[in-house]
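# Overview (structure and organization)
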Amino acid sequence: MSALLSRRTVMLGALAAPALIRPARAQGVSATDVLGRKVTLPAPAKRIVLGQGRQINALGLIHPDPVSIVAGWGSDYRRQSPDTFARYQERFPAIETVPFVGDGATAGGFSFEQAITLAPDIMVLSRSLAGTRTGPGDLIERFEAAGIPVAVIDFFLDPLKDTVPSLRLLGRLTGREEQTENLLSFYEGRLRRIAERIRDVPAPSVFIHAHAGGAECCMSPGRGTLDDFITAAGGRNIATRLLPGATGQISLEQLIISDPQVYVATGGTHMAKQGGLVLGLGVDRSTAEEGFRRLLAKPGIATLKAVSEKRAYGLWHLFNDTPLHVVAIERLAKWLHPERFADIDPTATMAEATSFSAIPLDGTLWIEP
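Everything in this summary refers to the structure shown in the same document.

Parameters at a glance
- Residues numbered from 1 in each chain as written.
- Predicted model: local features only at pLDDT ≥ 70, side-chain atom pairs only at ≥ 80, totals over all residues.
- Heavy atoms only, no water.
- Helix = DSSP H or I, 4+ residues; strand = E, 2+ residues; numbered from the N terminus.
- Disulfide = S-S within 2.5 Å.
- Pairing = 2+ DSSP bridges.
- Axes fitted to C-alpha atoms, helices over the stretch in contact; angles between N-to-C directions.
- 1 Å grid on protein atoms, 1.4 Å probe; cavity = no way out; pocket = protein on both sides within 12 Å on 5 of 7 lines; lining within 4 Å.
- Points joined across faces, edges and corners; volume = space filled by probe spheres on them.
- Nonpolar A, V, L, I, M, F, W, Y, C, P; charged D, E, K, R; others polar.

## Focus: unusual backbone geometry
- Here the phi dihedral of Ala119 falls at roughly 45°; this positive angle occurs in a residue that is not glycine.
- Take Ala119: it is sitting in the loop between α5 (112-117) and β5 (122-126).

Encoded structure:
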């Protein structure tokens, strides 16, 4: 009897053994996007479609080869960010074979049909492309009806609120959580340091001259992205009382009357054909200085007190849609409050940010008298 029980025990053990050694089923990954929607995937995404190509700026800070997981993207990046696109092209030649899904700068330029033919694991939409500030648009419903999960991120409309959750979502859904958390530690630490140093100091008046030196003066941000950067740096944006929306045109006469304490022009390589301020990746200092001198000598701008007192500066415009805006805020803070930031070196901060990046970030990204 005991022998029979022993044989049964062995048989039962043999039957049970496969269950004990059977590999666990792969668990899904999930995260919450900036609209508060829970997004779940069966495994980290290997095929991502970026509704706006510029979102590769963020992906390239948490993934060593972001192009390898991008199945499609908006063509806006190549048009609006030629200097950064060139760096990706040099480092990752396969980027030339990544198909476009329309322009991506606006909902009207985006192609839903092209995107779904790529069968992505996840569709990544910017908040501005997905809908409005207050809720999702039609694109989300259409992709979900086609069985494609959608994640909404934002580094532009409300960057100081949305950058952290957007990065954390991208890191979680691509299996790059460790590098993402390291990046967030850097990002949040720098913002805290700035906030501590500007506490209880008077806020100087600031004018941002966007895309400076090209079209008629002067395009400027109202409430939103660059205004948030000015506030975070301890300044007061004069355009918020002159413009009803996020951006607009301020006349040269209005600028002269307002006479801001600090003048900051933004530029990029996209301004080269217009004879404007050229800053950006791969831009040498002499090119940037020449454009900056030409800008400050323009009638009207040359009369500003900020120019005569050498409180006029230039900043790379494309800091405005990437987590690297933390470096721009630190640079602004040092310009606005030099005594509070005497020991802070934004160049060193940029070098630290570069350690996260999939592409080199060298070039002239700001300029000062």
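What follows continues from the structure just given.
## Examining the state of the cysteines
- One pass over the full model with this rule turns up one disulfide.
- In this model Cys217 forms its disulfide with Cys218; the gap between the sulfur atoms is 1.2 Å.

## Comments concerning the sheet that holds β5
- As summarised here, the arrangement of the four strands in space is β4-β3-β5-β8, forming an open sheet in which the pairing is parallel. Bordering the open sheet on either side are β4 (70-73) and β8 (150-153), each of which pairs with just one other strand. Shown here is a sheet whose adjacent strand axes are inclined to one another by a mean of 20°, direction ignored.
- The sheet contact formed by β5 and β8 spans four bridges and is parallel.

## Brief notes about empty space enclosed by the protein
- Enumeration according to the criterion identifies four cavities of 30 Å³ or more in this entry.
- For the largest cavity, the calculated volume is near 110 Å³.
- Taken together, 14 residues make up the lining of the largest cavity; nearest its centre are Asn57, Thr84, Thr322, Leu324 and Leu361.
- In the lining of the largest cavity, the residues fall into nine nonpolar, five polar and no charged.
- Approximately 40 Å³ is the volume attributed to the second largest cavity.
- Lining the second largest cavity, in full, are Leu61, Leu183, Phe186, Tyr187, Pro323, Leu324, Val326 and Ala353.
- No other element matches the three residues that helix α9 (residues 177-198) contributes to the lining of the second largest cavity.

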